[in-house]
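The residues making up each chain are set out below.
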Amino acid sequence: MNWETFFLDNLSLIERAVAFVCRKYGLWGADAEDFASASKLKIIEDNYAVLRKFEEKSSLATYLTIVIDRHYLDQKIHEWGKWRPSMRARQAGDAAIFLERLISRDGLGIAEASTIVRQKFTELDARALERLAGSIVVRQPRRQASVERTEEMREPASEASAEEELLRGEREVAARRAGAVLSRELDRLAPEDRLIMKLKFIDAMKVSTMARMLHADQKQLYRRIERLVAMLRKALLAAGVAMSDIGDMLTHGADTMDIDFAVPDAAAGKGPP
Amino acid sequence: MTMLLAHPESETLARFVEGTLDEPERAAIVQHIADCDECRIVVVDAAELESQSAVESHKWGVGRWLATAAGVVFVVSIGSFSNHEYRENAAGREIHLVEDATRFVTDALRTSISGWGWLFNRLPEFSWADPLVPVEEAYGHVNNRPLEARISGFPYVRRTTMRGSADEDTDPAAMILKGKASELTDLSGSGARSLHARGIGLLLSDDNPKSSMAPLQAAAEREPDNAKYQSDLAAALIAAARGDRPMLESALAACDRALHIDPRSPDALFNRAVALQALDRPDALAAYEQYLAVDPSSPWAAEARQHIEMLRPLP
């Protein structure tokens, strides 16, 4: 087969997959153009290895979406280090992912992280950044900051009142505790049940889509989700987690909690193209 | 079943998304992505694009159906007219142009109507039936009303316990309702009716009521003179508010807009009272009484009286 012809024949499909990933991660203008070029290059390199690997067992569109999406994630891991952005940050785009990473992973304060984000995303004004910070989930850092702090990055004085700070602190402690219990309970579930809970509460996937992927009956899947939720709720209550915190977790998604969904070392092998 | 150590091949993940893997392969992928966020993320994204493509292809399929059907109806209509003209000639009658034109239009319309009727009966997308009806029926069977506020056209269900109670997890009717409501979330279309139905679907199937606000708001903006859309937007805002005062104020404003359009809308009057009560406003009592002036006898009225009893200051 002439792979160049195959590439050109399916260029519109490739561009559609690229456009989808750009929309998904909030890439616009020059960033989107750069990513489109890099994605095409990825497909062309090594004599169209990506296309040569395709065995026509799935649709080309789904295959290309996965390849290109993975290419984006690999780029970000290379650029920013291993980091799993929350669904909300992913929906809000690159700047939100960067901001979340600085706050949640590197342990910077909102103001300090915002300063760094503004240096990188110069088109953002203060109000847009404030909205961004409000939209993302701020989780507790798992390790201390590795970013070198400069004079300009120094944390400005907080405008929040002492009372607000106290309340925020209490909420964080409660959230951390509830998150730890939820994480433990999720680990106890069978892999498929754990996946179902993550797809439903972290990724907000439609049950109809989930049912197709898991070869499950949609109605039975609803019942299964309800049963799992009831089970988790019971376990959380038994562990002394307040009802209000459970509500937050089970209605706003586990993303609001500090749940360690880190990729296990065993699964972190080199990925396909 | 073996645990995959490295990330699965992209095509294997694509087949997982499309549901074409055999059982052992599917189970291995499930085990991997249950703990591998990167693979789970790409699977979720690809599934989203696949669903969008399915909707587009469905729309295109329906469009082609529609175009073909329109062509058939047109040809049959013309055929009907030609046949009519032939019969008139064969009878040796004089053809009157005006009369013939009238008959042509009548025949064409008659054939078109029967043709479209046939088409509508076979394509649910073009059915006149309200997509909310199955959800309304399922709503009527739940043990406990999931929302404090009223949704227009939905039957009365007693609200006994708060959301998040054990009832919700054990009531099969509540699960069926969620299933029916989730079907509405797949509706495409950007018309007010589709947006409103999608919003109601999200309100009753998604655990986060905030997700319903965008389509309900869009429906209300598309048809600003529709009291029902304003009142249902208020119901969603009340459900999502959880004590958030600006959101409750927005719900109140939506009720006021609904009542401006239809001052005797029972849904809007009830939801207005609920919003005022949630805001701890003293005029909530008067709002329930206003509701009773419009609806003195339904089960909603009994519930309004209970609220009045609770709100009435102690002697």
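Nothing here was measured: the structure is a model prediction, and the numbers come from that model.

A.B. asks: Talk me through the overall build of chain B; I want residue IDs and the actual numbers.
C.D. replies: Scanning chain B from terminus to terminus reveals 14 helices and zero strands. The buried share of chain B, taken over its 315 residues, is 37%. Considering only contacts within chain B whose residues lie at least 6 apart along the sequence, 56% involve residues at least 24 apart.

A.B. asks: Any chance you could break down the overall build of chain A for me, citing the residues and the numbers?
C.D. replies: Along chain A, the regular secondary structure elements total 13 helices and zero strands. Taken from the N to the C terminus, the helices and strands of chain A come in the order α-α-α-α-α-α-α-α-α-α-α-α-α. Within chain A, counting contacts between residues at least 6 apart in sequence, those at least 24 apart form 69% of the total.

A.B. asks: Describe unusual backbone geometry, naming the residues involved and giving the relevant values.
C.D. replies: Phi at Glu56 of chain A is positive, roughly 60 degrees, even though this residue is not glycine. Here Glu56 of chain A shows up in the loop between helix 3 (29–53) and helix 4 (60–80). Positive phi, close to 60 degrees, is recorded for Asp280 of chain B, a residue that is not glycine. Relative to the helices and strands, Asp280 of chain B resides in the loop between helix 12 (266–278) and helix 13 (284–294).

A.B. asks: Which residues make up the interface of chain B and chain A, and what values go with them?
C.D. replies: Interfaces are often sized by the accessible area lost when the parts come together. With 45 residues of chain B at the interface, the matching set in chain A holds 53 residues. Those elements that place two or more of their residues in the side of chain B that touches chain A are helix 1 (10–18), helix 2 (23–33), helix 3 (37–90) and helix 7 (172–184) of chain B. Across the side of chain B that touches chain A, the residue classes tally to 17 nonpolar, 13 polar and 15 charged.

A.B. asks: Just give me the short version of the nonpolar core, but keep the residues and values in it.
C.D. replies: Ranked by size, the top nonpolar core spans 113 residues in total, and within it Val43, Ala234, Leu237, Ile238, Ala251, Ala273 and Ala275 of chain B carry the most contacts. For this core, the leading source of residues is helix 10 (residues 227–241) of chain B, giving ten residues. Ignoring anything within four residues of it in the chain, the contact list for Ala275 of chain B reads Ala234, Ile238, Leu248, Ala251, Leu252 and Cys255 of chain B. Listed in part, the 13 residues of the second largest apolar core include Ala95, Ile103, Ala113 and Val117 of chain A.

A.B. asks: Just give me the short version of the packing of helix 8 (residues 192–205) of chain B against helix 9 (residues 213–222) of chain B, but keep the residues and values in it.
C.D. replies: All names here are of chain B. For the pair helix 8 and helix 9, the least separation of the axes is 7 Å and the interaxial angle reads 155 degrees. Comparing the axis directions of helix 8 and helix 9 gives the class roughly antiparallel. As helix 8 runs across helix 9, the sense of the crossing is left-handed. Contacts between helix 8 and helix 9 involve Ala192, Leu195, His196, Arg198, Gly199 and Leu202 from the first element and Pro215, Leu216, Ala218, Ala219 and Arg222 from the second. Of the residues in the contact of helix 8 with helix 9, the class split is seven nonpolar, two polar and two charged.

A.B. asks: With reference to specific residues and values, describe the confidence of the model for chain B.
C.D. replies: Residue and element names in this part refer to chain B. In the predicted model, chain B carries a mean pLDDT of 79, and 70% of its residues have values of at least 70. Averaged over each element, pLDDT in chain B is lowest for helix 6 (residues 166–170) (51) and highest for helix 12 (94). Scored below 50 in pLDDT, residues 163–168 shows seven contacts in the model against residues more than four places distant or in partner chains. Complex prediction metrics read pTM 0.49 and ipTM 0.70.

A.B. asks: Report on the packing of helix 12 (residues 218–238) of chain A against helix 7 of chain B, specifying residues and quantitative values.
C.D. replies: Two elements in contact, helix 12 of chain A and helix 7 of chain B, have axes whose closest approach is 10 Å; the angle formed by their N-to-C orientations is 125 degrees. In terms of orientation, helix 12 of chain A lies oblique with respect to helix 7 of chain B. Considering only the axes of helix 12 of chain A and helix 7 of chain B, their crossing is right-handed. Residues Gln218, Lys219, Tyr222, Arg223 and Glu226 of chain A of helix 12 of chain A form the contact with helix 7 of chain B, whose own contacting residues are Met175, Lys178 and Gly179 of chain B.

A.B. asks: Just give me the short version of helix 9 of chain B, but keep the residues and values in it.
C.D. replies: Among all positions in helix 9 of chain B, only Met213, Pro215, Leu216, Ala219 and Ala220 of chain B are buried. As for helix 9 of chain B, its buried residues are in contact with helix 8 and helix 10 of chain B.

A.B. asks: With reference to specific residues and values, describe the confidence of the model for chain A.
C.D. replies: Residue and element names in this part refer to chain A. On average, chain A scores 74 in pLDDT, and the residues at 70 or more come to 70%. Put simply, helix 13 (residues 243–252) is where chain A has its lowest mean pLDDT, 55, and helix 3 is where it has its highest, 91. Note on residues 139–157: pLDDT is under 50 here. Beyond four places in sequence and across chains, it has 26 contacts. In this model, residues 251–273 is a region of pLDDT below 50 whose contacts with residues beyond four sequence positions or in other chains number 61 contacts.

A.B. asks: Give me helix 2 (residues 11–24) of chain A: which residues, what numbers.
C.D. replies: Taking 1.5 Å per residue, 14 residues should reach 20 Å; helix 2 of chain A reaches 20 Å between its end C-alpha atoms and fits that length. Gly26 of chain A, located one to two residues past helix 2 of chain A, shows a positive phi value of around 65 degrees.

A.B. asks: I'd like to hear about the environment of Pro191 of chain A, residue by residue, with values.
C.D. replies: Looking at the secondary structure, you find Pro191 of chain A in helix 10 (residues 191–201). For Pro191 of chain A, the contacting residues outside a window of four places in its chain are Val30, Gln31 and Ala34 of chain B.

A.B. asks: Summarise the environment of Ile116 of chain A; cite the residues concerned and give the values.
C.D. replies: Looking at where Ile116 of chain A falls in the secondary structure, it is placed in helix 7 (residues 110–120). Residue class for Ile116 of chain A comes out partly exposed when judged on the 19 C-beta atoms lying within 10 Å of it.

Parameters at a glance
- Residues numbered from 1 in each chain as written.
- Chains lettered and ligands numbered in written order.
- Predicted model: local features only at pLDDT ≥ 70, side-chain atom pairs only at ≥ 80, totals over all residues.
- Helix = DSSP H or I, 4+ residues; strand = E, 2+ residues; numbered from the N terminus.
- Buried ≥ 20, exposed ≤ 12 C-beta atoms within 10 Å, placed from the backbone.
- Contact = placed C-beta atoms within 7 Å.
- Nonpolar A, V, L, I, M, F, W, Y, C, P; charged D, E, K, R; others polar.
- Core = buried A, V, L, I, M, F, W, Y, C linked by C-beta atoms within 7 Å.
- Axes fitted to C-alpha atoms, helices over the stretch in contact; angles between N-to-C directions.
- Parallel < 35°, antiparallel > 145°, perpendicular 65-115°, else oblique.
- Left-handed = near helix turned anticlockwise from the far one by under 90°.
- pLDDT = per-residue confidence, 0-100.
- Expected span 1.5 Å × (residues − 1).

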